[in-house]
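# Geometric and topological summary
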Amino acid sequence: MSNNASHYDAIVLGAGGAGLMCASVAAQRGRRVLLIDHADQPGKKILISGGGRCNFTNIDTAPDRYLSANPHFAKSALSRYTPADFIALVDRHRIAWHEKTLGQLFCDGSARQIVHMLMEECAKGAVRISLGRPIREVDHADGRFTIRYGDETATAAALVMATGGPSIPKMGATGFAYDLARRFGLKVVEPRPALVPLTLGGDEILFRELSGVAADVVARCGKAVFREAALFTHRGLSGPAILQISSYWRHGEEIGIDFLPSCGRNWLLEAKRARPRSHFHTIVGEALPARLAEALTKKLGLWGELANMPDLKLGEAERRLGDWRFSPNGTEGFAKAEVTAGGISTAELSSQTMEAKTVPGLYAIGEGVDVTGWLGGYNFQWAWASGWAAGQVL
Ligand SMILES: Cc1cc2nc3c(=O)[nH]c(=O)nc-3n(C[C@H](O)[C@H](O)[C@H](O)COP(=O)(O)OP(=O)(O)OC[C@H]3O[C@@H](n4cnc5c(N)ncnc54)[C@H](O)[C@@H]3O)c2cc1C
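Residues numbered from 1 in each chain as written. Predicted model: local features only at pLDDT ≥ 70, side-chain atom pairs only at ≥ 80, totals over all residues. Heavy atoms only, no water.

### A closer look at the overall build of the chain
Scanning the chain from N- to C-terminus turns up twelve helices and 21 strands. Taken over the C-alpha atoms alone, the chain extends approximately 90 × 40 × 35 Å along its principal axes. Within the chain, the fraction of its 394 residues that count as buried is 55%. Across the chain, every contact between residues at least 6 apart in sequence was considered, and the portion connecting residues at least 24 apart equals 71%. When the accessible area of the chain is evaluated, it comes to approximately 17,000 Å², of which 50% is carbon and sulfur surface. (Helix = DSSP H or I, 4+ residues; strand = E, 2+ residues; numbered from the N terminus. Buried < 20%, exposed > 50% of the residue type's maximum accessible area, 1.4 Å probe, protein only. Contact = heavy atoms within 4.5 Å. Areas by Shrake-Rupley, 256 points an atom, 1.4 Å probe, with all protein chains shown as cover.)

And the structure:
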């Protein structure tokens, strides 16, 4: 250990949402905390989140809205630091907010306000923050962690891994937390891109012509079902419904899209009875954007007046429009993924404190852990809740 090392009670690696929360909570409990990030500013993902307004929580937060090898793991932290707790913090800082849709809360102003708030909370506890200097070495001996960063050295009895996952590497995201966890003998559930656009190939390339077209759909993959907008892109499918489904999708699986979730059963047969002279594409076009209706009609190979179409064919068309099968050939990868699913195995951690069961003093919080939320503020709520849980015990 260097004689010039500075000593702290806890060192937090990563000044994202989870690290900032954890450091401020521990420091306000009187702990001496050092927070280190290689980026030149804290909370970069907060700044770009929610289109610059940060969807900072979801009032419908519940454990079943998170994916993890252990679906029970997130329960404790989520129940002890709730959306109401974060809203109270936001209110104390007089940050105006609104609910957009589906319980999603956004700043009225800017995501900068959230970063500013968390930095003020850190300042209240006199957290020492080091930005823009790389972490060069992490050692552990005699119950003490030694971190060499830039040209400084710091030691502490507690080390928190809060460096997130590798999604959007161009923003400085890395798999550092996984490498570190593995070095300490902790298992990592294979990381994969989540909340990510899906790509189409083969025959489905034709759908690329629809790039820019959006529709309200129900998307399904296995047991997961989401009713939100889907968007065709030049590479495949995106939009909230697809991003949600992507977290559940695995290579080789099909996804099903109901393009007409508002149409009741037998709607095509009823349309045939009510308006027999109407053209099939006109009827479908009344329920869908014109370009999408045209493409689907072509693919169904149905042309002409409803009166001239057998009921059987219309029934089959309705079934396909209600459960259109796509076989994505991949995702747009970590470069475009809003989050990373998988990560440090929850089996290695205490769900109460986030401390590693086999390495006393080592903690993991936030996106680096194998807990991944739905789209809509759930991932930040996990960052706050897991950061708070560790911050309570450091
Ligand atoms: C475009 C986009 C929009 C999003 N919008 C939302 C939203 O509106 N609502 C929501 O709930 N979630 C949203 N998310 C997800 C959310 O941003 C993350 O789940 C959340 O930021 C995770 O917090 P974290 O603190 O665990 O990790 P991060 O926020 O990723 O923070 C990790 C920190 O560690 C630092 N770091 C990484 N590697 C190293 C290293 N080797 N050395 C030192 N420091 C390192 C990084 O610089 C970063 O500051 C969005 C994500 C993206 C990409």
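### Digging into the sheet that holds strand β3 (residues 55-58)
Pairing is antiparallel across the open sheet formed by three strands, whose spatial order is β3-β6-β5. At either end of the open sheet lies a strand with only one pairing partner, and these are β3 and β5 (97-99). The mean inter-strand angle of the sheet, taken between neighbouring strand axes irrespective of direction, is 25 degrees. Examined bridge by bridge, β3 and strand β6 (residues 104-107) share three bridges and lie antiparallel to one another. (Pairing = 2+ DSSP bridges. Axes fitted to C-alpha atoms, helices over the stretch in contact; angles between N-to-C directions.)

### A look at the environment of serine 167
Mapped onto the fold, serine 167 is located in the loop between β10 (152-161) and α6 (176-183). On the basis of relative accessibility, which here comes to 0%, the residue serine 167 falls in the buried class. The contact partners of serine 167, leaving out residues within four places of it in the chain, are Lys45, Ala173, Phe334, Ala337, Glu338, Val339, Thr340 and Glu367. Side-chain polar atoms of serine 167 contact the side chain of glutamate 367, separated by 3.2 Å. (Polar contact = N/O pair within 3.5 Å; in protein donor to acceptor, adjacent residues only side chain to side chain.)

### Re the pairing of strand β2 (residues 33-37)
Within β2, five of the five residues are buried, which leaves it mostly tucked inside the rest of the structure. Burial of β2 is two-sided: the residues Val33, Leu35 and Asp37 facing one way and the residues Leu34 and Ile36 facing the other way are all buried. By the bridge criterion, four bridges tie strand β1 (residues 6-13) to β2 in an arrangement that is parallel. Within the sheet, the bridge partner assigned to isoleucine 11 lies in β2 and is leucine 34. Once the chain exits β1 it traverses helix α1 (residues 17-28) before rejoining the sheet at β2, and the crossover so formed is right-handed. With four bridges connecting them, β2 and strand β7 (residues 128-131) associate as parallel partners. Paired with leucine 35 across the strands is isoleucine 129, a residue of β7. (Right-handed = clockwise from strand over helix to strand, strands pointing away.)

### Quick look at the packing of helix α10 (residues 290-300) against helix α11 (residues 311-322)
Where α10 contacts α11, the two axes come as close as 11 Å, and the packing angle between them is 130 degrees. It follows that α10 is oblique to α11 by the angle criterion. Crossing handedness for the pair α10 and α11: right-handed. Side by side, α10 and α11 meet where Leu296, Lys299 and Leu300 of the first sit next to Ala317, Arg320 and Leu321 of the second. Taken together, the residues of the contact of α10 with α11 sort by class into four nonpolar, no polar and two charged. (Parallel < 35°, antiparallel > 145°, perpendicular 65-115°, else oblique. Left-handed = near helix turned anticlockwise from the far one by under 90°. Nonpolar A, V, L, I, M, F, W, Y, C, P; charged D, E, K, R; others polar.)

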